[in-house]
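Residue-level listing of the chains:
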Amino acid sequence: MIILFGVFIRYDEESDAHWVEFKREHNITSDIENDFYFRYPSFQDVHVMIFVGFGFLMTFLKRYSFGGVGFNFLIAAFGLQWALLMQGWFHSLDPATGKIYIGVESLINADFCCAGSLIAYGALLGKVSPVQLMVVTLFGVTLFAVEEYIILTLLHCRDAGGSMVIHAFGGYYGLAISWVLYRPNLHQSKRLNGSVYHSDVFAMIGTLFLWMFWPSFNSAITDHGDGQHRAAINTYLALASSVLTTVAISSMSQKTGKLDMVHIQNATLAGGVAMGTAAEFMITPYGSLIVGFCTGIISTFGYLYITPFLEKYLKLQDTCGVHNLHALPGMLGGFIGAIVAAAATESVYSAEGLINVFDFEGSFANRGVGTQGGFQAAGTCVAIAFGLVGGAIVGLILRIPIWGDPADDNCYDDEVYWEVPEDEESIPPVLEYNNHMIHKHQDISESNFSSNPQK
Amino acid sequence: MIILFGVFIRYDEESDAHWVEFKREHNITSDIENDFYFRYPSFQDVHVMIFVGFGFLMTFLKRYSFGGVGFNFLIAAFGLQWALLMQGWFHSLDPATGKIYIGVESLINADFCCAGSLIAYGALLGKVSPVQLMVVTLFGVTLFAVEEYIILTLLHCRDAGGSMVIHAFGGYYGLAISWVLYRPNLHQSKRLNGSVYHSDVFAMIGTLFLWMFWPSFNSAITDHGDGQHRAAINTYLALASSVLTTVAISSMSQKTGKLDMVHIQNATLAGGVAMGTAAEFMITPYGSLIVGFCTGIISTFGYLYITPFLEKYLKLQDTCGVHNLHALPGMLGGFIGAIVAAAATESVYSAEGLINVFDFEGSFANRGVGTQGGFQAAGTCVAIAFGLVGGAIVGLILRIPIWGDPADDNCYDDEVYWEVPEDEESIPPVLEYNNHMIHKHQDISESNFSSNPQK
Amino acid sequence: MIILFGVFIRYDEESDAHWVEFKREHNITSDIENDFYFRYPSFQDVHVMIFVGFGFLMTFLKRYSFGGVGFNFLIAAFGLQWALLMQGWFHSLDPATGKIYIGVESLINADFCCAGSLIAYGALLGKVSPVQLMVVTLFGVTLFAVEEYIILTLLHCRDAGGSMVIHAFGGYYGLAISWVLYRPNLHQSKRLNGSVYHSDVFAMIGTLFLWMFWPSFNSAITDHGDGQHRAAINTYLALASSVLTTVAISSMSQKTGKLDMVHIQNATLAGGVAMGTAAEFMITPYGSLIVGFCTGIISTFGYLYITPFLEKYLKLQDTCGVHNLHALPGMLGGFIGAIVAAAATESVYSAEGLINVFDFEGSFANRGVGTQGGFQAAGTCVAIAFGLVGGAIVGLILRIPIWGDPADDNCYDDEVYWEVPEDEESIPPVLEYNNHMIHKHQDISESNFSSNPQK
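The name recorded for chain A in an unreviewed UniProt entry is Rh family, C glycoprotein a, from Echeneis naucrates. In its Subcellular location (unreviewed entry) section, the UniProt record describing chain A reads: "Cell membrane". The UniProt entry for chain A carries this comment under Subunit (unreviewed entry): "Homotrimer."

Asks: Go over the nonpolar core with me, naming the residues and quoting the values.
Replies: Membership of the largest hydrophobic core comes to 365 residues, with the highest contact counts inside it found for A:Phe209, A:Trp211, B:Phe209, B:Trp211, C:Phe209 and C:Trp211. Those residues in contact with A:Trp211, other than ones at most four positions away along the chain, are A:Leu239, A:Ala240, A:Val243, A:Thr268, A:Leu269, B:His47, B:Phe51, B:Phe73, B:Ala77 and B:Leu80.

Asks: I'd love a proper account of the relation of the copies chain C and chain A, names of residues and values included.
Replies: Note on the identical chains: chain C maps onto chain A by a rotation of 120 degrees and an axial translation of 0.0 Å, with an RMSD of 0.0 Å. Accordingly, the operation relating the two chain copies is best matched by a three-fold axis. Among all residues of chain C, the minimum C-alpha distance to the rotation axis is found for C:Pro41, at 3.8 Å. A low fraction, 18%, of the interface residues of chain C reappear at the interface in chain A, so the copies pair through non-equivalent surfaces.

Asks: Please set out the relation of the copies chain B and chain A residue by residue, giving values where relevant.
Replies: When chain B is fitted to chain A, the residual RMSD is 0.0 Å, and the transformation amounts to a turn of 120 degrees plus an axial shift of 0.0 Å. Of all interface residues in chain B, a mere 16% are interface residues in chain A too; the two copies therefore contact each other through different surfaces.

Asks: I'd like to hear about the interface of chain B and chain A, residue by residue, with values.
Replies: Opposite the 82 residues of chain B that make contact, chain A presents 74 residues. On inspection of chain B and its partner chain A, the count reaches two salt bridges. Residue B:Glu415 pairs with A:Lys258 through a salt bridge whose shortest N-O separation is 3.9 Å. Taken together, the connections running from chain B to chain A amount to 15 residue pairs in polar contact (both at pLDDT 80 or more).

Asks: So, the environment of A:Gly161: which residues are in play, and what are the values?
Replies: Residue and element names in this part refer to chain A. Summarising the element assignment, Gly161 is placed in the loop between helix H6 (130–154) and helix H7 (163–180). According to the relative accessible area criterion, Gly161 is buried, its value standing at 1%. Along the backbone, Gly161 and Thr222 are 61 residues apart, and their C-alpha atoms lie at a distance of 8.6 Å. Those residues in contact with Gly161 that lie beyond four places of it in its chain are Ile166, His167, Phe217, Asn218 and Gly276.

Cut-offs and rules
The written sequence of each chain sets the order in which its residues are numbered from 1. Written order decides the labels, with chains lettered from A and ligands numbered from 1. With pLDDT at 70 or above as the cut-off, local features in this predicted model cover only qualifying residues; side-chain atom pairs require 80 or more to be listed or tallied, and sums for whole chains, interfaces and linings still use all residues. Here the side-chain values reflect all heavy atoms present in the structure, with hydrogen atoms and water set aside. UniProt positions are given in the numbering used here, feature names are shortened, and annotations may be inferred rather than shown by experiment. Put simply, a nonpolar core is a bunch of buried Ala, Val, Leu, Ile, Met, Phe, Trp, Tyr and Cys residues held in one set by side-chain atoms that sit within 4.5 Å of each other. Type-normalised accessible area, obtained with a 1.4 Å probe on protein chains alone, sets the label of each residue: buried when under 20%, exposed when over 50%, and partly exposed for intermediate values. Only heavy atoms enter the contact rule, under which two residues are in contact if any of them lie within 4.5 Å. Here the copies were fitted onto each other by least squares, based on C-alpha atoms from residues at pLDDT of at least 70 in both. A side-chain nitrogen of Lys or Arg and a carboxyl oxygen of Asp or Glu constitute a salt bridge if their distance falls within 4 Å. Polar contact is the term for a pair of N or O atoms within 3.5 Å; when the atoms are in protein, one must be able to donate a hydrogen and the other to accept it, and sequence-neighboring residues count only if both atoms are side-chain atoms. By definition, any uninterrupted DSSP run of H or I lasting at least four residues is a helix, any uninterrupted run of E lasting at least two residues is a strand, and each is numbered from the N terminus.

And the structure:
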C-alpha cells in the first residue's frame, strides 16, 4: 500500500504548498471560499456514519459486539486506502503525469466506496474471519470503482446518495457471498444469534447516527446550490416518514402490538437508502414522504417475511437483513430515480435547471429526460449485476479452506477472534460458605448440582 | 401528513431547480455564500441533540432504555413533520400562493419545535403509551407554534436559544400533563424506577452530546455576525460553570461526599438552558459564568429537594426531573433575558449594535430597552401559561381510557411495548442435572420453589 | 474564577455588539466570510473529542466507567475556564487595556489546553481523587500555557496538532505524577483493573470519535488554505495505516492469533498523535502512511512489552497506557516534524510556500529550514522536560495526605466517589417462597448459606 501510494498518490493543488503561488497566478484572493470549507463538515458526517453508524449498528448481537464494531473499523480503514487508489485510478488519474491527485472530496468518495463493503459485511456478520473480510473489501472496493465508473461516467447516471452504486451493489454483493457461503448447520450457533438488552441499546447509537447524518450522506458530493439543499431536505423528510411507518407496521405485525427493536434499528433508515438517487431531483416534499412511507413498509415486511423466506427456501443467511435495508430499498431507489428523471419537465425544473440537475453538458447535451430515465434504470441493473456476479465469484474464492473461518457452532462468537474479558459476575465471591464454591452464570446449574449431595 | 404536505409544502427558492435562473436574474454569483452552508453544520449539531442527546439522556432507567431512546425517536420524527406544517403556517406561509416554502432553516426550527414535546416526554417517561405520546406531540407542536408566534412575532421578544419558548413551555407542559395523570399507586413500579450501572453510562452519552452542542443550539438561528459568536461563547462558559457547581453541590449534599449520577447527567446542562434567551446579549463572559454558577446550584438543589417535595405535596411525578433541568432554569433564563435587555445601554452595545441585537426596526423602531425588558418578562409568562394550561387540557384528554397506558405496576417497563430479548443469563443452561430446569432472573424464586418438593 | 473573568476577559471585536460599527468603519460587507463560520465546525469536532472521545475511552474499566467519563467531564469543564485565562494571558492579552479578548479560536485553544491534563488523567485513572485531579488540571493547564508560549512563540516551532505541546507534554506529565504516586500494594485492586464486555464496547465509542475527528484536531488551528487541507489528509492516512498495523501486530503477538481490545482501542490512534506536528508539512501521502505504519507497530508493542516493563522495573503504573498512545508517539511526532522541516526544499514547497508553511516572517524571516528543524527538536525536548519536571513536582504536592485519595484496595472502584446503583439482578424477587429471601450476585453465596439450616 505504501509503495502504491508512493508511486501514484499526490496532493491536489489546493492541498499542495504550491497553492500560494497557484493562487497568485490565478488571482484567487481568498482561501475560505475554497470548496474544502464547505465539504469538510459533510465529510465528517459521512465519516461518522461509516465508523460509528455502521459500526454500532452491528453491535446488536449478544456476543459479537467486538466483531461488529471492530471488524467494521478494520474494513473501513483498509478499504478507504484501497479506495483512494482504485477510485483515483478511474476518476482523478492525470494521464500526463501518471499520478492521482487527492483532496478532501477524494476522502468523501473513499468513505462512500467503503460503504459498499461494509453493507456486504452486514450479511456476513458473525460467519466469516477477518482475513475473509479483507478479501471481501479488496474485491468489493475494486468492483465498486469499476461499476461506479460505468454507471456515473459511461452511462452518465446521477446517483448523489448512491442508491444504485452503494446500496444496491453493496447489498447484492453481500447477499451473493452469503449465498455461496451457506452453512447448513448454522443452527448450532443459534443461541448466539440474537441480542441482549444492552447490545440493542448500543445498536441504537448506530441507527441514530446513520439516521441523523443521512441528509449529509445524500448531499455530500452534489454540486453546490439548489441540488444540495434539496438532497438534504428530501432525505430528511423520507427518513422521518420511514420512522412512522416502521413503528406502525412493527406494532401491527405482532398480536401483542409490541415493537421489535430489529425493525426500529433498521427499517427506519430505508427512506434514506431509497432517496439516494432521487434526492437531488425535484421529487417534491410530499414525494419524499411517499417514498419514505412506502419503503418503511416494504423494509419492515422484509424483516418479517422475506428474510425468513430467503433463509428457508433460497438458503441465504443474512445476519443483519441487508436485503431489507440496502439491497431492496437501493434497487427501489434506483428505479424511483429513473421514474423521477423520466418525468422531469422544463416547467418544474426550468430549462437551465434541467441541464444543471442532470448535467446535460458536453457529449450528453442532447440527451432527453426519457433517455436519462432509461439510463438510470440501466444503471441500477448494472449495479445489481455487479453485486450478484462479483459476490458469487468472491464467495467461491472464500470457500477455499485457507481463510480460518469459524466453525458452525462458533459463529456469532467473539471468543474466536478476540480476547474477551471474563464477565464481572463470574468472579468468584470473596466469601465462601461450607466450601460452596459458587460460580454464577453458566455454572449456576452446576452449583445447584453440587449442593444436591447434601440433601 | 402526505396530503397536507402535498397541498401546502414547497421548496424555497434556494432549494428549487429554478435557482439557476433566479441566481442569474438576481446577479448572485456564488452558491457557497448561500446561507445553507453556514447553517447546515449547526443544524446537524441540533439534530444530534434532539435524537442522540435527548434520546440517550432518557435511557437511564434500568428497564426502559428501549422506550427512552425509541419513543424519543418516534416523537421527534413525527413532531418534525408536523412542525414543518405548523411553524410554516405561522412563519413562512405565502398568502399569495397559499404555500409554505421550506429550506434548511425550517429544518432547524422544526427540530426546535420538537424539543418542546421531548422535554415534556421527560416528565412522563415510563408512564404513558406511545399513542399518548403522539397526542402529546400533536398538541405540543401546535401549541408551540402558537406561543412562539405570540412571543417572537407579536411581543417581538428575542429568544435565540428558546429559554422561554422551548424550555419553560416544554417543561411546564410536561409537568401539567404529569400532574393531571397522577398515579397514586406508582410505588408498585418502584423497583424499576432507577438505573443500573450501564444504563447510567448510556445516559452520559446523551448528557455529553447535549452539553457539547448546546452552543450550537443557542446560536443556530441567531443572525450571522457578532450575536452568533456571543451566543456560542456565552453558552460555552455558562455550561462549564454549571459543571463545577453541580459537582460541588452534589458532593456536599451527601454525608459521604459521593457524587450522584442523576445530578451529573442533568444539572450540568442547566447553564445552557438558562442562557437560552440572554446568550446573544452583551451579558459579558463573567456574567455567563455567574448564570451557570447559580443555575447549577439551583438545578442540583431541585433534584435534591424540589422533586421529592413536588411528588409528596403536589402529587406531581416527574420521572426525569424536567422541572429542575428545563422548567425552572427556562423560566429563570427568560427573566435573566428580561433583566439583561432592560439593562442594555448604548455605551455597551453601540447605537447600531442595540438596534441590531434587539431588532428595533420597522414598527418596533421606537421601543426602548426598558420596554423590551418588560415584553421579555411578559413573553416568559406567556410561555409558562401556554405550558400549564395546554398541558392540563392535554392531560385531561389523555385520561380518557382509550390510549392503552400501562398499569401502575407495569410502569418503567419495556416489556409492555417492546419485544425485549431474554437476558443472556436467563438462557437455560445446556446441561440439566436432576431435571432441575434452572431459569434465572425473574424465575429464580420459582426455580427454587420447584426444587422444594425434592427436599 | 468569576472574579478573574470579570477583571480580565472581554469579547473580541467580532463577538462584541460594536461589530456593526466596526464593520462599517472597516468596510467589511459580509458577516459570513468571518473566520468563525469556518472554525466553528472544527471546534465542535475537537469538543467532541475532548468530552466524548477522551471520556468514553476511559470507561473501559469494569467498575470505573462513572469516574472515567465523569471526572473527564469535570476536568475538562474546569480546565477550559482556567485555560481561557492562562492562554489568554500569554497570547491575547492587550497590554494597553490589560484585558484578554476571546473568540471562537480561544475556545479551540482552551480545548487543546485541557487535552494535556486529560492525557495525564489517563495515567492516573482510578488511583486519585477528584480533588487531586483538580490540582493536576490547575497546574497542567498553567504549565501548558507556559511551555506552549516557549515552544510556539519564543522557539517559533510549528505544531498544528500538538504532538509536542499536547501529547508529549501531557503524556510525560501524567507519567511523572504516576511515578511519584507509585502504590506498591496496588495489586489489592487487581480484580477491578480490567474490563467487562460492555465496558469495552463503551470505550470503542471514545476510540471511534477520537479516530474520526483527529483530522479536525490536527487542522483546527492551522492557517486557512493548503496547510489545513494537507493536515486533514495526512492525518486521515496516518490513522488508517495505524489501524492495519495495530490489528496485524495485536493478532501476531498472541499464540492464538486473537485480537486484544486494548490495542484496538488505543494503538489505532497513534498515527494521529505522531502526525500532530508534521501534518501541515509536505510529508507526502505515502509519508503519512509510513508514519502511521510505524507508530501503529510501536504503540502496540508498547502495550505488549513497555507498559509491563515500566511497571515492573520503573515502578510506574500507567492505567491507560498513555506512554504508548501519547508520550512516545508524541515525542516521535515531534522529531518526525523536525526531520521533515529540516528536509524541506524550495522545489517541494515553492519559495512562497516555504515561507507560508513555516511562517518565516518578521524576525524569523532569515531562519533556514535546517535551523527550523533544530528548533523543532529543541521544542520537543522542552515539552518533555516540562512534562517530567512539572509532573514530578505536582506528584509531590499530591502526596501530601490531605486530598482524599482512595486506599490501595479501593482503586478502580466507583463506589468510593459515586452513588453506584445496585445491580438489577440484586433486586429481591417479588415473590418469596418458604422464607427463602433470594438475593442475587454478591449475596448468592449468602443466600445458599441461609438456606442450609433448613436441610
